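# A look at the structure
Here's the letter readout for the chains.
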Amino acid sequence: MNKKFVNNIGLYLLLLCASFKANTTDYKIGVNNAYSTQLVRQEVQILFNSIYAPLGITPELHFLPSRRGLFLANNNKLDAESGRVLNVAKEYENLLVVPEPLIQHDIMHFCKNRQHCMKAKNVRYALINGFEGGKQYCENNKLICLSDQSPSFLAIAFANGAVDSLIGSKVTASLLLCQSGVTKVYFRTAPDLEIVSFHLVNKKHGDKLEELAQSIKELKQSGLVQKFVSATSKLPANCNVAFVDLG
């Protein structure tokens, strides 16, 4: 058999194996389980598949309680954390911030009575589970805020008037409120509570920061990130809640 032909076949097989290995890398990303509904988790998978495609990685997503995901990523049980604000990220010494911002979230006050959709000392607030930036907001403004409760508990508390206002992003709050039994909800954007999230990776993946930053930048320019935000902000088809924007 021709020696050159044999060498070419060997090179082809080597490249094929390398390509197969690159695209089946065991790479796990923690995602806040507030995004675990079937429709939303599909969009999250599409987003992170696109972010990691230039690196030849198809990540495996693990939907977990907020702090558990961070803990596991920090302790090298997961490779990355989907997205966090910088103040939260700095608490974990083994996590590195991908320097390109991932998503800007508009945070809103949701309420049954319009007068409660604002920042006030006499309003009883609840935070969407996993909203770590909200805890700091409540602390800084000396607000009464219920946190770290399950979506079902918050839905009941909101419906029964145990809390006056729910604070969170539109996607996470609307999914919860659609299950609350309430038929009309007012909401107002909180101008002093804009959240910008960054993708975090365990420090062992420090060599990926530049490439991931470039990938996120290009996806934002292409409109894919905005498409993700729009897709995950849609109300479930069976939602019977009328949401009224107070501006």
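Described in the following lines is the structure provided in the data block. (Residues numbered from 1 in each chain as written. Predicted model: local features only at pLDDT ≥ 70, side-chain atom pairs only at ≥ 80, totals over all residues. Heavy atoms only, no water.)

## Some points on the packing of aromatic side chains
Under the definition given, this model contains 3 aromatic pairs. With centroids separated by 6.3 Å and ring planes inclined at 85°, the aromatic side chains of F110 and F243 adopt a geometry described as edge-to-face. With a gap of 133 residues between them, F110 in strand 6 (residues 107-111) and F243 in strand 12 (residues 242-245) connect regions that are remote in the sequence. The class for F110 is buried, based on a relative accessible area of 1%. (Phe/Tyr/Trp six-rings, centres within 6.5 Å; stacked < 30°, edge-to-face > 60°. Helix = DSSP H or I, 4+ residues; strand = E, 2+ residues; numbered from the N terminus. Buried < 20%, exposed > 50% of the residue type's maximum accessible area, 1.4 Å probe, protein only.)

## Quick look at the sheet that holds strand 6
For sheets, the rule is that strands pair by backbone hydrogen bonds, running either parallel or antiparallel. The sheet built from 6 strands is open, its strands ordered 8-7-9-6-10-12 with mixed pairing. Strand pairing shows two members of the sheet lacking a second neighbour, strand 8 (144-146) and strand 12, which therefore form its edges. The sheet shows a mean angle of 30° between the axes of neighbouring strands, direction not considered. Where strand 7 (residues 124-127) meets strand 9 (residues 165-169), 3 bridges bridge the pair, whose relative direction is parallel. (Pairing = 2+ DSSP bridges. Axes fitted to C-alpha atoms, helices over the stretch in contact; angles between N-to-C directions.)

## Some points on the nonpolar core
Of all hydrophobic cores here, the largest spans 28 residues; its most connected members are I29, V44, F48, I51, Y52 and V201. Not counting residues up to four positions away in its chain, the partners in contact with F48 are I29, P59, L61, S82, L102 and H199. (Core = buried A, V, L, I, M, F, W, Y, C linked by side-chain atoms within 4.5 Å. Contact = heavy atoms within 4.5 Å.)

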